[in-house]
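The residues making up each chain are set out below.
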Amino acid sequence: MSVATNLVNVMNNIENACNKVNRDLKDVTLIAVSKTKPNEMIMEAYNEGYRNFGENKAQEMKRKKEELPDDINWHFIGHLQTNKVKYVVGNAVLIHSVDSLHLAEAISKESVKKNVISDILIEVNVAKEETKFGLSLENTENLVREIATLQNIRVKGLMTIAPYTENPESNREIFRNLRELLVDIKAKNIDNVSMDFLSMGMTGDYMVAIEEGANFVRVGTGIFGERNYSI
Ligand SMILES: *Cc1c(COP(=O)(O)O)cnc(C)c1O
């Protein structure tokens, strides 16, 4: 299957999921997760009109941004170490994976230095998987309040990585819990916090995520095929 054909299929699925729950297609942005994939494949999606791509390694994202057209929106979706923040701030339109005050402080500091505003999401480990990063549901509001006081940083919403599953229905409750937390925090009207975006859903479960309110779905394998980490 070509990237172009896969994109048609994914967009059809997104449209069907939106129709099922009466959501506007415009409220859902597909992020094509291009990590490990070559520029040629990214350009195949670009030439079909796609402009949102996701990367999980700071230097890889920066390199691709330099090599590829300027009108691409790069989303940083991976675990970010504070010593790599300099590669991401000013290069990513949205950092989806902020999971500590320490990291947020580093992003804030670098954003002040570069005179840019960084939009971020807080990563929540809803399923409490030990192998994954992210805050617990219980600790998220406190972290949001602390980060909201930092300079040049805006909290825009929440992100989660749900467990890998063959049965997307088994992640529905996780997505629903994250949405409920977003609505709860939004209702508190915290300064610098808008809580408009939910980043959830990957190749195995993005349709369920959309039914539960996702605004960003992050699809890699379903667009670009399996990744080969050995090369
Ligand atoms: C790799 C990755 C994805 C895409 O996963 P697929 O299962 O290939 O769609 C989405 N989100 C994050 C955070 C990732 O690291």
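Below is a summary of the structure that appears in this document.

What counts, and at which threshold
- Counting restarts for each chain, with residues numbered from 1 along the sequence as it is written.
- Two thresholds apply to this predicted model, a pLDDT of at least 70 for residue-level local features and 80 or more for giving and counting side-chain atom pairs, whereas whole-chain, interface and lining totals are computed over all residues.
- Side-chain calculation: all heavy atoms of the structure are included, whereas hydrogens and water are not.
- Put simply, the grid is 1 Å and covers the protein atoms alone, a cavity is a trapped set of points that fit a 1.4 Å probe, a pocket is an open set with protein on both sides within 12 Å along at least five of seven lines, and lining residues have an atom within 4 Å of a point.
- Grid points are joined across faces, edges and corners, and a volume is the space filled by probe spheres set on the points.
- The numbering of helices and of strands both runs from the N terminus, where a helix is a DSSP run of H or I of at least 4 residues and a strand a run of E of at least 2.
- Under the grouping applied here, Gly and all other residues not named as nonpolar or charged are polar, the nonpolar ones being Ala, Val, Leu, Ile, Met, Phe, Trp, Tyr, Cys and Pro and the charged ones Asp, Glu, Lys and Arg.
- The near set for a molecule or strand comprises every residue that places at least one heavy atom within 4 Å of it.
- The definition of a polar contact used here is a pair of N or O atoms within 3.5 Å, where within protein one atom must be able to donate a hydrogen and the other to accept one, and adjacent residues in sequence count solely through side-chain atom pairs.
- For every accessible area listed, the method is Shrake-Rupley and the probe measures 1.4 Å; residues are considered covered only by the protein chains on display.
- In this scheme, a molecule is assigned to a cavity or pocket if more than half of its atoms are within 2 Å of the grid points.
- Salt bridge, as used here: a side-chain nitrogen of Lys or Arg that lies within 4 Å of a carboxyl oxygen of Asp or Glu.
- Working definition: with a 1.4 Å probe on protein chains only, accessible area under 20% of the residue-type maximum means buried, over 50% means exposed, and in between means partly exposed.

Remarks on the layout of surface pockets
Empty space left among the atoms is revealed by rolling a probe the size of a water molecule over them.
Moving on, step 1. There is about 780 Å³ of room inside the largest pocket.
Moving on, step 2. In this structure, the largest pocket is lined by 33 residues; those nearest its centre are Lys35, Asn56, Ile161, Met202 and Arg227.
Moving on, step 3. Elements supplying a minimum of two residues to the lining of the largest pocket: helix 3 (58-67) and strand 8 (216-219).
Moving on, step 4. Class assignment of the residues belonging to the lining of the largest pocket gives a composition of 13 nonpolar, 11 polar and 9 charged.

Describing the site of the ligand
Moving on, step 1. Taken together, Val33, Lys35, Ile77, Ile161, Met202, Thr203, Arg218, Val219, Gly220, Thr221 and Arg227 make up the full set of residues adjacent to the ligand.
Moving on, step 2. One of the side-chain nitrogen or oxygen atoms of Arg227 is found 2.8 Å away from an oxygen atom of the ligand.
Moving on, step 3. Taken by itself the ligand offers 390 Å² of open surface, and the protein chains cover 89% of this.
Moving on, step 4. Using a 2 Å cut-off from the grid points, one finds that the ligand occupies the largest pocket.
Moving on, step 5. Partitioned by chemical class, the residues of the shell around the ligand number 5 nonpolar, 3 polar and 3 charged.

Some remarks on the pattern of salt bridges
Moving on, step 1. Tallied over the entire structure, the rule returns 19 salt bridges.
Moving on, step 2. Lys188 is paired through a salt bridge with Glu141; the nearest N and O atoms lie 2.8 Å apart. With Lys188 in the loop between helix 7 (172-186) and strand 7 (193-199) and Glu141 in helix 6 (residues 137-147), this residue pair connects regions lying 47 residues apart in the sequence.
Moving on, step 3. You can call Lys188 partly exposed: its relative accessible area is 42%.
Moving on, step 4. Arg176 serves as the salt-bridge partner of Glu212, at 2.9 Å between the closest nitrogen and oxygen.

In short, geometric facts, not functional conclusions.
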